[in-house]
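Reading the structure
Spelled out, the chains give:
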Amino acid sequence: MQMGTRWAVGAEAPARLPQLVVDAVKAIEVDLEGIDTSLLRWTLTWLEGNPVVELDDGTVIRYSGGEVVIVASTD
């Protein structure tokens, strides 16, 4: 696994992410409207060349084979 980067909720996602992942990030952020997200950050890592994006609340977005899978936090 190679390290990626971190960014705040509402900030621009890294340009190297596939558009489907960026769209998934934006959709999740819309669901967070009305919640204090000032301390939440996204973390991007790469697993076998595919991006894995995790929000500090435990929500995970995985991209593989041209598909996005979102695993929502149970909190």
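In case you missed it, the structure is sitting above this.
An account of the accompanying structure is given in this report. (Residues numbered from 1 in each chain as written. Predicted model: local features only at pLDDT ≥ 70, side-chain atom pairs only at ≥ 80, totals over all residues. Heavy atoms only, no water.)

1. Points about the overall build of the protein
The following threshold applies: Secondary structure elements follow DSSP: runs of H or I of four or more residues count as helices, runs of E of two or more count as strands, with numbering from the N terminus. It is over C-alpha atoms that the radius of gyration is taken, and the globule rule equals 2.2 Å times the number of residues to the power 0.38. Three exposure classes are used, based on accessible area relative to the maximum for each residue type with a 1.4 Å probe and protein chains only: buried under 20%, partly exposed in between, and exposed over 50%. We call two residues contacting when some pair of their heavy atoms lies within 4.5 Å. His is not counted here, nor are the chain ends, while Lys and Arg score as positive and Asp and Glu score as negative. A charge is said to be at NZ when it belongs to Lys, at CZ for Arg, at CG for Asp and at CD for Glu.
Looking only at helices and strands, the protein features one helix and five strands. The secondary structure elements of the protein, listed N-terminal to C-terminal, are β-α-β-β-β-β. Radius of gyration (C-alpha) of the protein: 12 Å, near the 11 Å computed for a compact globule of 75 residues. Along the first, second and third principal axes, the C-alpha set of the protein runs to 35 × 20 × 20 Å. Within the protein, the proportion of its 75 residues that are buried is 36%. Within the protein, counting contacts between residues at least 6 apart in sequence, those at least 24 apart form 45% of the total. One way to put it: in the protein the 5 positive side-chain charges average out to a point 7 Å from where the 12 negative ones average out.

2. A few points about the packing of aromatic side chains
Test applied: Ring geometry is summarised as follows: Phe, Tyr and Trp rings, the Trp one being its six-membered ring, pair when their centres sit within 6.5 Å, and such pairs are stacked at plane angles under 30 degrees, edge-to-face over 60 and tilted between the two.
Counted under the stated rule, the structure contains one aromatic pair. Ring geometry for W7 against W42: centres 6.3 Å apart, planes inclined by 20 degrees, an arrangement best described as stacked. Highlighted residues: W7 in strand 1 (residues 2-8) and W42 in strand 2 (residues 41-47), separated in sequence by 35 residues. Judged by relative accessible area, which is 7%, W7 ranks as buried.

3. Here's the deal with the nonpolar core
Note the cut-off: The set of buried Ala, Val, Leu, Ile, Met, Phe, Trp, Tyr and Cys residues whose side-chain atoms join them within 4.5 Å is what this entry labels a nonpolar core.
Ranked by size, the top nonpolar core spans 18 residues in total, and within it W7, L17, W42, V53, L55 and I61 carry the most contacts. Looking at which element gives the most residues to this core, the answer is helix 1 (residues 19-31), with five residues. Setting aside residues up to four positions removed in sequence, I61 forms contacts with V21, A24, V25, I28, W42, P51, V52, V53, V68, V69 and I70.

4. What about unusual backbone geometry?
Here E48, not a glycine, exhibits a phi torsion of approximately 50 degrees, which is positive. Among the structural elements, E48 can be located in the loop between strand 2 and strand 3 (50-55). A relative accessible area of 77% means that E48 is categorised as exposed.

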